[in-house]
Amino acid sequence: MALRIARLEHQHTRWLTGLLARNPCENVYLISLLEVTGTARLGSPAGTLYGIFDGDRPVAAYWVGGNVIPVAATPGTNEVLARKLNADGRVSCSLIGSRSVILDLQQRLNWGQPRGVRERQPLLAISSDPLVTPDEHVHRVTLDELGAVFPASVDMFTKEVGFSPIEDGTAGYLSRVRGIIRGKNCYARISSTLPQGGPVPRWPATEQDEQVLFKADIGIRARRIVQVQGVWVHPEVRNQGLGAAGMAAVVQRTRDKGHSTVSLYANDYNETALRMYARVGFEQVGTFATVMY
């Protein structure tokens, strides 16, 4: 019987829950959605969750929204999804997930040349206390500090993704950063003074003395696991241990709040960051790829 695609329904919730639990670090985004809604029938303006069925039996799932995120996908299920995505036209900005699945799916789409491809992104996780001493100066950011955090966030995004998030205006990305802060999901060390003494250069927040020295965001939060995104260290203090101590603080505070596992993924060419994560105690648990349109 040929595979077919259809929306998942409430009766598939137990199946989906078990499927996601097999690889929580890879599936943290959908785990967080399922915890909020309590059902596999996920559909909203933000996206829709589809199943690939062999007869009446679901064998894989895909979130299709701003991102396309696969769960337990294979080349065969990719082919079924690709037919739908090609017929509907591109509405998603990126494909994110397990490397082999994402690169296979990209080849099946007629969406044109991607804006960028990150072919190998180590997926990392830590489920224990950090191996280095946390930076006591790292704190949860408040909206009063938006003026320092926003320029650092823009620089982080631009260097990581390859294009500026404000090239078409600041409103959209400013709203996103404000939402992260309002959700109590941004941690940073902010100071006008360098750890070794002397003033911090007035960059990237060029109109004020206080600058972000380290920042990291909790991009996705589920009950037992979170995914960290947006890690950034000021150029003046890189390779001085500030990043490792800052990440240790994020890990410790997150675990203290009951989230037993902290995960993230990084580009394989960012060897400095990967060494820093290893110092903190992160271990590789998979490999992602991201295709951006």
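Relevant structure appears above.
Note that the structure is a prediction, hence the values are computed from the model and not measured.

Participant: Where do I start with the overall build of the protein chain in this structure?
Facilitator: Secondary structure summary: the protein chain contains eight helices and 13 strands in total. When its C-alpha atoms are laid out on the principal axes, the protein chain stretches across 70 × 40 × 30 Å. For the protein chain, the share of sequence-separated contacts (at least 6 apart) that also reach a separation of at least 24 residues comes to 71%. Total accessible area on the protein chain stands at roughly 13900 Å², and carbon and sulfur atoms take up 48% of it. Distance between charge centres in the protein chain, computed from 32 positive and 27 negative side chains, equals 5 Å.

Participant: What's the story with the pattern of salt bridges in this structure? I'm lost.
Facilitator: Here the idea is simple: oppositely charged side chains can pair when their charged atoms come close. Enumeration according to the criterion identifies 14 salt bridges in this entry. R223 is the salt-bridge partner of E35, the closest N and O atoms lying 3.9 Å from each other. Within this pair, whereas E35 is found in helix α2 (residues 28-37), its partner R223 is found in the loop between β10 (211-221) and β11 (225-233), the two being separated by 188 residues in sequence. Residue classification places E35 among the partly exposed positions, given a relative accessible area of 28%. According to the relative accessible area criterion, R223 is exposed, its value standing at 57%. For the salt bridge of R189 with D135, the shortest nitrogen-to-oxygen distance reads 2.9 Å. Placement of the pair is R189 in strand β9 (residues 186-191) and D135 in the loop between β7 (116-126) and β8 (139-140), with a sequence separation of 54 residues. When sorted by exposure, R189 lands in the same class as D135, which is buried. Several salt bridges share partner residues, and in doing so they unite E79, R83, D104 and R108 into one network.

Participant: How should I be thinking about the packing of aromatic side chains in this particular structure?
Facilitator: Each aromatic ring pair is specified by the distance between its two centres and by the angle formed by the two planes. Overall, the coordinates contain eight aromatic pairs when judged by the stated rule. Measuring from ring centre to ring centre gives 5.3 Å for W111 and Y293, while their planes differ by 75 degrees; the resulting arrangement is edge-to-face. Of this pair, W111 sits in the loop between α4 (99-108) and β7 while Y293 sits in the segment after β13 (283-292); the two residues are 182 residues apart in sequence, bridging distant segments of the chain. Here W111 matches Y293 in class, with each residue buried. The interplanar angle of 65 degrees and the centroid separation of 5.5 Å between the aromatic rings of F157 and Y173 together place this pair among those described as edge-to-face.

Participant: Help me understand the pairing of strand β6 (residues 94-98) in this model?
Facilitator: Here is the key point about a regular strand: its side chains alternate between the two faces of the sheet. With four of five residues buried, β6 lies mostly within the body of the structure. Handedness of the crossover joining strand β5 (residues 67-71) and β6 through helix α3 (residues 75-88): right-handed. Relative to β13, β6 runs antiparallel, the two sharing five bridges. Residue pairing across strands places G97 opposite A289, the latter belonging to β13.

What counts, and where the lines are drawn
- For every chain, the first residue of its written sequence is number 1, and the numbers climb from 1 along that sequence.
- Side-chain atom pairs in this predicted model are given and counted only at pLDDT of 80 or more, local residue features only at pLDDT of at least 70, and totals for whole chains, interfaces and linings cover all residues.
- As a convention, hydrogens and water are excluded, and side-chain values are obtained from all of the structure's heavy atoms.
- Helix and strand assignments come from DSSP, with helices taken as H or I runs of at least 4 residues and strands as E runs of at least 2, each series counted from the N terminus.
- The contact criterion used is simple: two residues touch if any of their non-hydrogen atoms lie within 4.5 Å.
- Here the accessible surface of atoms and residues is derived via Shrake-Rupley with a 1.4 Å probe, and residues count as covered only by protein chains that are part of the display.
- Under the convention used here, Asp and Glu are negative, Lys and Arg are positive, and both His and the chain ends fall outside the count.
- For charged residues, the charge sits on one atom: NZ in Lys, CZ in Arg, CG in Asp, CD in Glu.
- Throughout this description, the term salt bridge denotes a Lys or Arg side-chain nitrogen within 4 Å of a carboxyl oxygen of Asp or Glu.
- Exposure classes here rest on a 1.4 Å probe applied to the protein chains alone. A residue is buried below 20% of its type maximum, exposed above 50%, and partly exposed in between.
- Only rings of Phe, Tyr and Trp enter the pairing, Trp through its six-membered ring, and a pair is recorded when the two centres are within 6.5 Å. The plane angle decides the type: under 30 degrees is stacked, over 60 is edge-to-face, the rest tilted.
- Handedness of a crossover: with both strands directed away from the viewer, a clockwise path from the first strand across the helix to the second marks it as right-handed.
- What makes two strands pair is DSSP finding at least two bridges between them.

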